[in-house]
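What follows is each chain in one-letter form.
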Amino acid sequence: MNTIGTTTKEAAEKISALKENSPCAVRVTGRLTKELLAEIRSAITNGMRITLDLADCTGLKILPANAFDTCIGLEEITLPECVTEIGSMRSSTAYCSKK
């Protein structure tokens, strides 16, 4: 599995450049906002196999409801300690953990 590191501001662009069906771990650092999270979510397409590590991000306290519902290509997500509340998740197929 490939591993890439990126900042929150560059994450969506780097994820968009990944090849489909190639497992990749993406470790993101920096200040995470709802807007940047939405950009990251939009970059993850159905054919991808992404493990998303947000453990070193800061800023976001509430993970919005259904934040990753459309991310079939997201296999696993690690949330940062700063997230204190998680909105409802309808049908996310990703495994979610918190470090």
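In short, a report on the structure. Just so it is clear, the structure is predicted and the values come from calculations on it, not from any experiment. (Residues numbered from 1 in each chain as written. Predicted model: local features only at pLDDT ≥ 70, side-chain atom pairs only at ≥ 80, totals over all residues. Heavy atoms only, no water.)

Attention now moves to the overall build of the chain. A tally of regular secondary structure across the chain gives two helices and seven strands. In the chain, the succession of helices and strands from N to C terminus is β-α-β-α-β-β-β-β-β. Burial statistics for the chain: of 99 residues in total, 41% are counted as buried. Partitioning the intrachain contacts of the chain with sequence separation of at least 6 by distance along the chain shows that 52% fall at a separation of at least 24. (Helix = DSSP H or I, 4+ residues; strand = E, 2+ residues; numbered from the N terminus. Buried < 20%, exposed > 50% of the residue type's maximum accessible area, 1.4 Å probe, protein only. Contact = heavy atoms within 4.5 Å.)

Another point: the pattern of salt bridges. This model, assessed by the stated rule, comprises three salt bridges. Between R27 and D56 there is a salt bridge, with its nearest N and O atoms 2.3 Å apart. Highlighted residues: R27 in strand β2 (residues 23-31) and D56 in strand β3 (residues 49-58), separated in sequence by 29 residues. Residue class for R27 comes out partly exposed when judged on its relative accessible area of 39%. One network of salt bridges, with partners in common, ties together R27, D53 and D56. (Salt bridge = Lys/Arg side-chain N within 4 Å of Asp/Glu carboxyl O.)

With that settled, the discussion passes to the nonpolar core. Formed by 26 residues in total, the largest nonpolar core has its most connected members in L52 and F68. Elements supplying a minimum of two residues to this core: α1 (11-16), β2, α2 (34-43), β3 and β5 (74-79). (Core = buried A, V, L, I, M, F, W, Y, C linked by side-chain atoms within 4.5 Å.)

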